[in-house]
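Results of the structural survey
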Amino acid sequence: GSSERPQQQQQQMDRRHVSYKDARTFLDCCCCRPERMRLLCSTKAARQGGDQLLVTVEVSPGGPLVEVRETSMADGWTGCRFSPAALWLALSLAENNPQFEAHNAASPRPRALELGCGVALAGLTAQAVGFDTTLTDCLEGHLQSLSTHVPTTTALSAGDCCKPTLRVCHLDWLEEEGSKTAAGC
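Reference entry: report on the structure contained in this document. (Residues numbered from 1 in each chain as written. Predicted model: local features only at pLDDT ≥ 70, side-chain atom pairs only at ≥ 80, totals over all residues. Heavy atoms only, no water.)

Turning to helix 2 (residues 20-32), a few remarks are in order. The terminal C-alpha atoms of helix 2 lie 19 Å apart, and with 13 residues this matches the ideal 18 Å at 1.5 Å per residue to within 8%. Of all the residues in helix 2, the buried ones are Tyr-20, Ala-23, Leu-27 and Cys-30. Across the axial projection of helix 2, the buried residues extend over an arc of 85 degrees, all falling on one side. Opposite the buried face of helix 2, by more than 90 degrees, sit the exposed residues Lys-21 and Cys-32. On its buried side, helix 2 packs onto strand 1 (14-18), strand 2 (53-58) and helix 3 (84-96). (Helix = DSSP H or I, 4+ residues; strand = E, 2+ residues; numbered from the N terminus. Expected span 1.5 Å × (residues − 1). Buried < 20%, exposed > 50% of the residue type's maximum accessible area, 1.4 Å probe, protein only. Arc of directions from axis to C-beta. Contact = heavy atoms within 4.5 Å.)

Here it is in structure tokens:
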């Protein structure tokens, strides 16, 4: 009935697409004002109360497209939005590491580790261009959001053996060095 409609609207997430051209133009503006590189890209960065924004970023001309879920600042005190620095790193990764058409099983796949990944724009870009990738963060909200990117099935299809892997792990560098959490990552 009518009481279900507001709930459905709350569950729908705002979406935004950032083209490669728009991303490059934005970063060129940031180069003129280097202090801008440490600020957040989203104009809705101060949102509170569970708002989320699904952002698809074209990290090179024609793709790949990388989808990140920006979360409410209430879900964590940092890493809820991607910064111009993360956008620059994502575009640089895609530019310098063109997607692998087919992985050569005779050579090891490149690996990436993103520490304190937040929404993980750079790490998800690394995975999109062919890196086996591990994303780490210490905030539960980020880990829950990132887990949506990890395949839940353990059965592999014929083509899955050649796909880059993606892992999400809890890692808090303030914990003891030998903790089980860090060892399992």
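After that view of the structure, there is still more to cover.
Moving on, we get to unusual backbone geometry. Cis peptide bonds are those with omega within 30 degrees of zero, and the linkage from Gly-63 to Pro-64 qualifies with 5 degrees. Within the secondary structure layout, Pro-64 lies in the loop between strand 2 and strand 3 (65-70). Positive phi, normally seen in glycine, also occurs at Ala-120, with a value near 70 degrees. Along the chain, the position of Ala-120 falls in the loop between strand 4 (111-114) and helix 4 (121-128). Exposure remark for Ala-120: the relative accessible area of 0% places this residue in the buried category.

A contiguous nonpolar surface patch, about 520 Å² in accessible area, is contributed by Leu-113, Leu-115, Trp-173 and Leu-174. Residue classification places Trp-173 among the exposed positions, given a relative accessible area of 57%. (Patch = residues over 30% accessible without salt bridge, like charges linked within 9 Å, V, L, I, M, F, W, Y side chains within 5 Å. Areas by Shrake-Rupley, 256 points an atom, 1.4 Å probe, with all protein chains shown as cover. Salt bridge = Lys/Arg side-chain N within 4 Å of Asp/Glu carboxyl O.)

Here we come to the pattern of salt bridges. Pairing of side chains with opposite charge becomes possible as their charged atoms draw close. Overall, the coordinates contain 3 salt bridges when judged by the stated rule. Put simply, Arg-24 and Glu-95 hold a salt bridge, and the shortest N to O gap is 3.5 Å. Of this pair, Arg-24 sits in helix 2 while Glu-95 sits in helix 3; the two residues are 71 residues apart in sequence, bridging distant segments of the chain. Of the residues examined, Arg-24 reaches a relative accessible area of 21% and is grouped as partly exposed.

One way to put it is that helix 3 packs onto helix 4 with a least axis distance of 8 Å and a crossing angle of 10 degrees. Here helix 3 lies roughly parallel to helix 4, going by the angle between them. Along the contact surface, helix 3 presents Ala-86, Leu-87, Leu-89, Ala-90, Leu-93 and Ala-94, while helix 4 presents Leu-121, Ala-122, Thr-125 and Ala-126. Residues belonging to the contact of helix 3 with helix 4 are distributed by class as follows: 9 nonpolar, 1 polar and no charged. (Axes fitted to C-alpha atoms, helices over the stretch in contact; angles between N-to-C directions. Parallel < 35°, antiparallel > 145°, perpendicular 65-115°, else oblique. Nonpolar A, V, L, I, M, F, W, Y, C, P; charged D, E, K, R; others polar.)

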